[in-house]
Amino acid sequence: MDYESYDGTASVFELLCAELIFKAKGNQSMTDPLTRLTDFLRGIKESKVSDQKALHIFRSILFSCDVALSSILTATDLSGPDVTCICKMLLEFFETIHPPKRCVSWPSVEGVLSKMIMLISRSNIDSPSLSTFLFGISSLLDHILADDSLCDAFYSPQYRHAVGYFISNALDVLNSSSRDPELRMRAGKILLQTVSTKSSSSVDTLSFVLPGVCSRLCKVIVKDKHLDILLIALKV
């Protein structure tokens, strides 16, 4: 693939996304096109195109990716392998559009984050897929919190309810005694990342969700028997 070819790269990506949409609407397995799409994104990331050319390509394909992922997430019957492939594709996509020294806007990051949050809220997600997503969200938060403009957007009043929903899902994992302790610890660390920021923009949003967070963490502190989980809950 000649990744320097702007039109060609965008067209291939759009065709792959169209195939995903078709399979999602028909409740068919999406593992094969998802795998090919992941490989395609990896090829862009590993190619030696100029930063300016890469940014043009990424902006062109971003909308197609969002549409495809939205269709996937509204599928009524999503298999375990499909969820795993979606995890891998989203993480690859984020790494592609957010490498060092490339300016990425908040809408680009927000789209990926929102879809990750939607997927971890699915009741049928298996532990390996959930682990992949929690790891990806943690990495994504590192990027957001390290960038002043992204951090301000994340904690803005307009995104407050999404942050609350995100924290609620992380608390669900942390509170679930039936989950693997490692998964629960990872969810706890994400919560700690979210509430430990020193950004002044976070004050209003965190104060909005704080009462519910404290209430649910108290249940963990009082009832949980895992020392590490107890400690992470106390830190939060």
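Naming follows an unreviewed UniProt entry, where the chain appears as TTI1 N-terminal TPR domain-containing protein of Gnathostoma spinigerum.

**Quick look at the overall build of the chain**
Secondary structure assignment for the chain yields 11 helices and 0 strands. Going residue by residue from the N terminus, the α and β elements of the chain occur as α-α-α-α-α-α-α-α-α-α-α. Within the chain, the proportion of its 236 residues that are buried is 49%. Intrachain contacts of the chain at a sequence separation of at least 6 include 73% that bridge at least 24 residues.

**What about the nonpolar core?**
If you look at the biggest cluster of nonpolar residues, it comprises 58 residues, and the most contacted ones within it are Trp106, Leu113, Ile137, Ile144, Phe154, Phe166 and Ile167. Sort the elements by how many residues they give to this core and helix α5 (residues 106-120) lands first, with 8 residues. With residues near it in sequence (within four places) discarded, tryptophan 106 still touches Ile144, Leu150, Ala153, Phe154 and Tyr159.

**Side note on the environment of serine 127**
Summarising the element assignment, serine 127 is placed in helix α6 (residues 127-146). Under the relative-accessibility criterion, serine 127 is labelled partly exposed at 34%. Distance in space between the C-alpha atoms of serine 127 and aspartate 180 is 7.9 Å, their sequence separation being 53 residues. In contact with serine 127, other than residues within four places in its own chain, are Arg179 and Leu183.

Cut-offs applied
All residue numbers refer to positions counted from 1 along the written sequence of the respective chain. A pLDDT threshold of at least 70 governs which residues receive local features in this predicted model, and a stricter bar of 80 or more applies before side-chain atom pairs are shown or counted, although totals over entire chains, interfaces and linings include all residues. Calculation of side-chain values draws on the structure's entire complement of heavy atoms; hydrogens and water are dropped beforehand. Numbering of helices and strands runs from the N terminus; a helix is a DSSP stretch of H or I covering at least four residues, while a strand is a stretch of E covering at least two. Throughout this description, buried means an accessible area under 20% of the type-specific maximum (1.4 Å probe, protein chains only), exposed means over 50%, and partly exposed covers the range between. Contacts: residue pairs with any heavy atoms within 4.5 Å of one another. Put simply, buried Ala, Val, Leu, Ile, Met, Phe, Trp, Tyr and Cys residues joined by side-chain atoms within 4.5 Å make one nonpolar core.

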